[in-house]
Amino acid sequence: MNIIGKPSKSEARRLIRRARASIPPLERYAAESAVAMQAKQLGLLRRGLKIAAYIPAGSEFSPWILMLRALLGGVEVYLPQVPKRGRKLNFVRLDAKNRWKLGPQNILEPQSGMPCSPRDLDIVFLPLLGFDSNLARLGQGGGYYDCTFEFRRWRRVWKKPRLVGLAFDVQHVEQLAVDSWDLRLDYILSGQKIWRNPNR
């Protein structure tokens, strides 16, 4: 996205939401299919891994194709549960026995299932609103992912789990306004391009 300068978070959110909502359905599907292929090529969907993804809301990038490919390949897939209090997400395994409910953010989430600690996940595919060339992530403003994975900032060697943002190209901003608690990701996958964090 061609945004001049460093916009405020609220301004960036407004501009990106509008651009993302205007993406045609066929273009969205092509990007979402291509991202599943990119994830496989990067080794992020290897059998035996524990990965987390999310249920998309509104015009968010949908990881459904990626999740289906992962499940067919013997990968354990987990989904977040938003807590009633606090900001640390819980993760529950996706399977045929899940019961579903609307969470606090009016997004479907599994009500039951095998839990997994965020520290035990191998890969986390995150939703995001925007990202910049340094792989800083702009979320919706709730701070759930920043709080859940804050422990990664204190690790000096192994940065597990790997954090992978899923986004359309129009969600890229050259430079975002960043706070100290904002996550920096390991990869961003858009279907058209793979952004890598050079420090990972």
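Residues numbered from 1 in each chain as written. Predicted model: local features only at pLDDT ≥ 70, side-chain atom pairs only at ≥ 80, totals over all residues. Heavy atoms only, no water.

## What about the nonpolar core?
Applicable threshold: We call a set of buried Ala, Val, Leu, Ile, Met, Phe, Trp, Tyr and Cys residues a nonpolar core when their side-chain atoms join them within 4.5 Å. A simple rule labels every residue: compare its accessible area, found with a 1.4 Å probe on the protein chains alone, to the largest value its type can have, and call it buried under 20%, exposed over 50%, or partly exposed in between. Note on conventions: DSSP H or I runs of at least 4 residues are helices, E runs of at least 2 residues are strands, and numbering of each starts at the N terminus. Two residues form a contact once any of their heavy atoms are found within 4.5 Å.
Counting 49 residues, the largest nonpolar core has I51, L66, F125 and L166 as the members making the most contacts within it. Elements represented by at least two residues in this core include exactly α2 (25–41), β1 (50–52), α3 (64–72), β2 (76–81), β7 (123–126), α4 (144–148), β10 (162–166) and β11 (187–189). Ignoring sequence-local partners within four residues, the contact set of I51 consists of L44, L45, L66, A70, V75, E76, V77, Y78, L121, I123 and F125. With six residues, the next largest nonpolar core counts A12, I16, V173 and L176 among its residues.

## Regarding empty space enclosed by the protein
Note the following rule: With a 1 Å grid laid over protein atoms only, a set of points is called a cavity when a 1.4 Å probe fits there but cannot get out and a pocket when it is open yet has protein on both sides within 12 Å along at least five of seven lines; lining residues have an atom within 4 Å of a point. Grid points are joined across faces, edges and corners, and a volume is the space filled by probe spheres set on the points. Residues are sorted three ways: Asp, Glu, Lys and Arg are charged, Ala, Val, Leu, Ile, Met, Phe, Trp, Tyr, Cys and Pro are nonpolar, and all the rest, Gly among them, are polar.
On inspection of all chains with the given rule, the structure shows one cavity of 30 Å³ or more. Volume-wise, the largest cavity comes out at about 30 Å³. Considering the residues around the largest cavity, the lining is formed by K9, A136, R137, L138, L176, A177, V178 and D182. Among the residues making up the lining of the largest cavity, the classes are represented as five nonpolar, no polar and three charged.

## Remarks on the pairing of β7
Where we set the bar: At least two bridges found by DSSP between two strands are what make those strands a pair.
A two-sided burial pattern is seen for β7, the buried positions comprising I123 and F125 on one face and V124 and L126 on the other. Sheet topology places β1 next to β7; two bridges connect them, and they run parallel. Paired with A52 across the strands is V124, a residue of β7. Pairing of β7 with β10 involves four bridges; the strand directions are parallel. Bridge pairing in β10 links V124 to L163.

Treat this as a map of the structure, not an account of what it does.
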